[in-house]
Every structure is written in structure tokens, then in C-alpha cells.
Amino acid sequence: MTAAITFHNISVTMQDTQIINTISGQFPKGQITTLVGPSGAGKTTILKLCNALLSPTDGTIFYNDQELKTYNPLTLRRCVGMALQDAPMIKGSVYDNLNLPRQLQGETLSKDEAIQALQQVGLDAKNIHKKAHDLSGGQRQKLSIARTLINPTDVLLLDEITSALDPHSVTEIEQLIVTMKQRGVTIIWITHNLEQARRIGDYMWLMHRGQLIESGSIHLLETSQNERVQQFMRGELL
Amino acid sequence: MTFTTLAITLAFVCIPLVLSKALNLQLGKDVIIATIRAIVQLLAIGYVLQLIFDQQNVVFSFLMVAIMIAVATLNARKKGAQINGITWKLALSLCVIEAIVMSVLVGFHIVPATAQYIIPLSGMAIGNSMVMSILFLNRFTAEIEAHEQEVELILSLGGTPKQAIHRQLITSIKASMLPTIESQKTIGLVQLPGMMSGQIIAGADPVQAVMFQLLVQFMLLTTASVSSVLLGFLSYRTLFNQKLQIIPEKFTGQ
Ligand SMILES: Nc1ncnc2c1ncn2[C@@H]1O[C@H](COP(=O)(O)OP(=O)(O)OP(=O)(O)O)[C@@H](O)[C@H]1O
Ligand SMILES: [Mg+2]
């Protein structure tokens, strides 16, 4: 296994509280890692570290065997794309939001590209001129995914991207992400849905209170001898 | 006007005091403090100005303007406490405004370069600029607190800090300039501006007074725009670190 991203003794302290506690682990290249754990475990923080929205207080992160902090943050963030937890939108239309990644680089997304981007996440093209803030929670999540996919990314960081979707849409998005994986994209996917974690994951990270409890093959969710993993699977880890 | 007649006008102070007492507004103390401060500050400045005008020495005018800038800076900087170096940024933008205003007014011989003109006009430019800065800083702080997620979104997509904060910056600049522009639209219809009224009462030709007031109005448009734009572009960078990340404490307020 080669790792796309490697954490080495990573700690994050914010306002005197340690929110990530000496984590070491890997995200395998070209695979889907599902990142699970109770609320407040530090999952979102891990994604922000990968996207360089945050820097670790201690430890080293490697991206493609080179220290992550040596990359230019702007170029890194375009290769390591992120769909944020609450699917925030900028003020403006659906198109404005899709165009945002291009606009930031002084380019424009063509209307055809925009429609294609909407269709691949199962959004109707007629929404294109709607105000983004008028979309439903689920539609916003889809738009957020489509927007993240506009930049050509090597790594995709997905923060609970299907939490507001109906079962059919969930399947659609899962298929889309699996297609991305088949194109060689490395995926880190935070989910609270254990069924989903097992369905799509090749690899897993389980976090609890800023610590990495277990990481490895997705089967560890069932087979791990670690007491806390078993507790988590029974829904008893808080 | 004599001091005796001025004393009679204190009746205007008694009315709010009585009202405050009757309605339990609890503003009595503030009214008294405000009155005393106004009397002391204005009389003091009156005598100081008299002194400066008698001396006809540019050094005094300079000193006076410097004091105005210092006081305005100290007043406004509380509103931007989370912006690093807010003090010198305010001072710098006030100095730039003073420089622009004076180079136009004196440079084109619109007003003579005497203390009698420079000091009141500077006072208006700097005072207005201070209010604009406070309006801008209030709004800008509120905007970035309310839109942290949008800022983070743009950064996460590979945008620069300037791109990430652009909308909040523009909104705040516009919001702080609008009152100046709006009040200019109705000027003279509802109330006569204080300076103009004062000149007319003191016996000046109304048309002359109007021309001076127009000069001031135009000047205020410059101060309003320059102070918020300058302050905005000097400030936004301090909300981010060298790694192009949000500094969380600056976004969640104190
Ligand atoms: N800017 C911050 N300042 C201080 N503490 C923070 C900050 N951001 C996050 N935290 C804390 O860090 C911890 C981990 O947060 P994080 O968002 O990574 O959790 P999570 O695992 O994504 O949770 P959820 O499943 O609810 O999204 C939480 O306790 C949170 O309160
Ligand atoms: Mg989270």
C-alpha cells in the first residue's frame, strides 16, 4: 500500500484544549478511507489539516511523501479538494457557486460544464439560476459536492456529504464517488452512517476524543479486538 | 453673545433632566456629564484657537492637527481591537485623509493656508473620518463573524485571503459610506447643516455660507470613501496567518 497522506505524531491544540492527540496513520492512495467516530472526536479537524486550513501544533503531515507544509497552500488546496460539513454557499445563484472555484483562478465555467456538474450529482439543470440559499438542505449538499469536483483533485475530503439526502440520492452520490476512486482519486469520507462506511470504505479510521483508536482495513470495524471499536459498533462509545 | 445669555440657555439642559427624573430614564448623570464636558472642551478649544490665531504660527496648526488625529485614533481603535496594529493603521489613514484634503484645499488656493481655515476644516475631515472608521470597523467585525464559513469555503477551494474576505470587505465599505451619501441627498431640505447655520447666525452672507458648506460636503465624500477603503485594505490581511489560514480568535470575536 502506498499512502497519499501520512500523519506522524500529529497534535492540535486550540485555545488551550488539545483537540487532536498524537495521531499517526495513513490514508492509502486511490482508496476510500471512511473516517468515523462520535461527535466532537476531531474528524473535521483531520480533514482541515489535510487541506491546510489548519496546521498541526506538533508533528508532521506528508502528502505524496513530501512534507505538506512545504506545498504552496493555494496549489495544495486545489489538488486536495474539500466538501465542508455544512455545505456553505456564497451569496448568489447556483451557477455562481459552481463557478466559484474557476472564478478564484480568473477563469469561467461554461454553462454546459455547469449543467453537467449539476447532473452528475443528480440536480436538475433548471436549478441553475436559483439562489443557492433557496435550495433545500439536500440540494445544497449536492451542489457542494458538485462544486468541490470542479477543481481537478487528487484527493477528496468529504465531510458528511450525504447526511441530508434521501436513500436514492445517497446511492447516486456513492456511485459518483466510487467513479472518482476508479479514476485514481484518494478519498477520505467522514460519515456517521456505519452501513455506508462499510459499503463504500476500503480502509477506516476510528476516532474518539482526539485520538485515533483504530485504523486499517475496513473489516477491522467487525473484526477488531479493540474494546473501544466494539463499543463504537454497538453504539456505546460517546 | 455674552456668558449671561449663554447661561440662560442651560434651560435646554434642565428639560431633559426633568424628563429623565419623571420617566426614570436614568440618563440624568449622562446628561450632566455631557453638558459639563461640552462646556469645558469647547471653551478650552475656543481659547486655544484664539491663541493660535493670534500667533499665526504654522507650528501650532500642525500641533493642533496632530492632536486631533491622535484623539480620533484613540477613540476609534477600541472598535477594531482584534486587528493587529489597528492604532497605526487608523493613524495612517487619518493622516492620508488630512494630506489629501489639505493638498486640494490649500494647493488649489481654495482656502488660505491660515490656522483659521486649516484647523476647522481639518477637524471636520478628521472627525468625520473617525466616525466612518468606527462604522466600518463595527460592520467589518460583524460581517466576518457572521460569514466565517464562507471565508473558509473560499480558502478551501484555493482562494487567497483577499478573495476570501472580498465580499465582507466590500459590504462593510459600502455600509459605512452610505449614510454620508444619503444625508447629502436631503441636505438643506430638512435641516440646515450646523456649520452653515452658525455662519449665517454670525452674520455671514448666506450664499457664501452655502458655498463653504458645499466644499465641506464634497470633502466629506472623500473622507468617507478613503477612510473605509484604506482601513479595510490595511486590515484584512491581519485576520489570516502566513499559511493563508483563518486565525480563529479573530473571527469569533473576543
Ligand atoms: N476553532 C476551534 N476552537 C476551539 N475548539 C475547537 C475549534 N474547532 C473545533 N474545536 C473542538 O475540537 C473538537 C473536535 O471538533 P471537530 O469539528 O473536528 O469534531 P467532529 O469529529 O468533526 O464532530 P462532528 O461529528 O460533530 O462533526 C470539538 O470538541 C470542538 O469543540
Ligand atoms: Mg465534523
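Residues numbered from 1 in each chain as written. Chains lettered and ligands numbered in written order. Predicted model: local features only at pLDDT ≥ 70, side-chain atom pairs only at ≥ 80, totals over all residues. Heavy atoms only, no water.

Caption draft 1: Summary view of the side chain of Ser93 of chain B. All names here are of chain B. Structurally, the position occupied by Ser93 is in helix H5 (residues 86-107). Given the relative accessible area of 0%, Ser93 is considered buried. Side-chain polar atoms of Ser93 contact the backbone oxygen of Leu90, separated by 3.1 Å. Setting aside chain neighbours within four positions, we find Ser93 in contact with Leu230 and Leu231. (Helix = DSSP H or I, 4+ residues; strand = E, 2+ residues; numbered from the N terminus. Buried < 20%, exposed > 50% of the residue type's maximum accessible area, 1.4 Å probe, protein only. Polar contact = N/O pair within 3.5 Å; in protein donor to acceptor, adjacent residues only side chain to side chain. Contact = heavy atoms within 4.5 Å.)

Caption draft 2: Seen up close, a nonpolar patch on the surface. All names here are of chain B. Together, Met1, Phe3, Leu6, Leu10, Ile32, Ile36, Ile39, Val40, Leu43 and Tyr47 give the surface a local cluster of nonpolar side chains, amounting to about 1,000 Å² of exposed area. The set of elements that each furnish at least two residues to the nonpolar patch consists of helix H1 (3-8) and helix H3 (28-55). It is H3 that provides the largest number of residues to the nonpolar patch, a total of six residues. Along the chain, the position of Tyr47 falls in helix H3. (Patch = residues over 30% accessible without salt bridge, like charges linked within 9 Å, V, L, I, M, F, W, Y side chains within 5 Å. Areas by Shrake-Rupley, 256 points an atom, 1.4 Å probe, with all protein chains shown as cover. Salt bridge = Lys/Arg side-chain N within 4 Å of Asp/Glu carboxyl O.)

Caption draft 3: Spotlight on the site of ligand 1. Residue and element names in this part refer to chain A. Around ligand 1 lies a shell of 13 residues, among which Gly40, Lys43, Thr44, Thr45 and Gln85 are the nearest. Between ligand 1 and Ser39, the relevant distance is 3.5 Å, taken from an oxygen atom to a side-chain nitrogen or oxygen of the residue. Within the side chain of Gln85, a nitrogen or oxygen atom sits 2.8 Å from an oxygen atom of ligand 1. In isolation ligand 1 has 640 Å² of accessible area, and contact with the protein removes 65% of it. Looking at the shell around ligand 1 element by element, the count peaks at three residues for helix H1 (residues 43-50). Residues that form the shell around ligand 1 fall into these classes: three nonpolar, eight polar and two charged. (Near = heavy atom within 4 Å. Nonpolar A, V, L, I, M, F, W, Y, C, P; charged D, E, K, R; others polar.)

Caption draft 4: The interface of chain B and chain A, seen in detail. Taken together, the 18 residues of chain B in the interface contact 25 residues of chain A. Three residues stand out in chain B for area buried against chain A, namely Leu153, Ser156 and Leu157 of chain B, and they jointly supply 30% of the buried area on that side. One can count one salt bridge joining chain B with chain A. Notably, a salt bridge pairs Glu152 of chain B with Lys48 of chain A, separated by 3.2 Å at the nearest N-O pair. There are twelve residue pairs in polar contact (both at pLDDT 80 or more) connecting chain B and chain A. (Buried area = accessible area lost by both parts, 1.4 Å probe.)

Caption draft 5: Geometry of the sheet that holds strand S4 (residues 58-63) of chain A. Pairing is antiparallel across the open sheet formed by four strands, whose spatial order is S2-S1-S4-S5 (chain A). Each having just a single partner strand, strand S2 (17-28) and strand S5 (66-67) of chain A make up the two edges of the open sheet. (Pairing = 2+ DSSP bridges.)

Caption draft 6: Fine view of the coordination of the magnesium ion (ligand 2). Residues and elements named next belong to chain A. In this structure, Thr44 (OG1) and Gln85 (OE1) serve as the protein donors to the magnesium ion (ligand 2), at separations of 1.9 to 2.3 Å. Placement of Thr44 in helix H1 and of Gln85 in the loop between strand S6 (80-83) and helix H3 (94-103) is noted, with a sequence separation of 41 residues between them. Given the relative accessible area of 23%, Thr44 is considered partly exposed. Given a relative accessible area of 30%, Gln85 falls into the partly exposed group. (Donors = N, O, S within 2.8 Å, 3.2 Å for Na, K, Ca; no water.)

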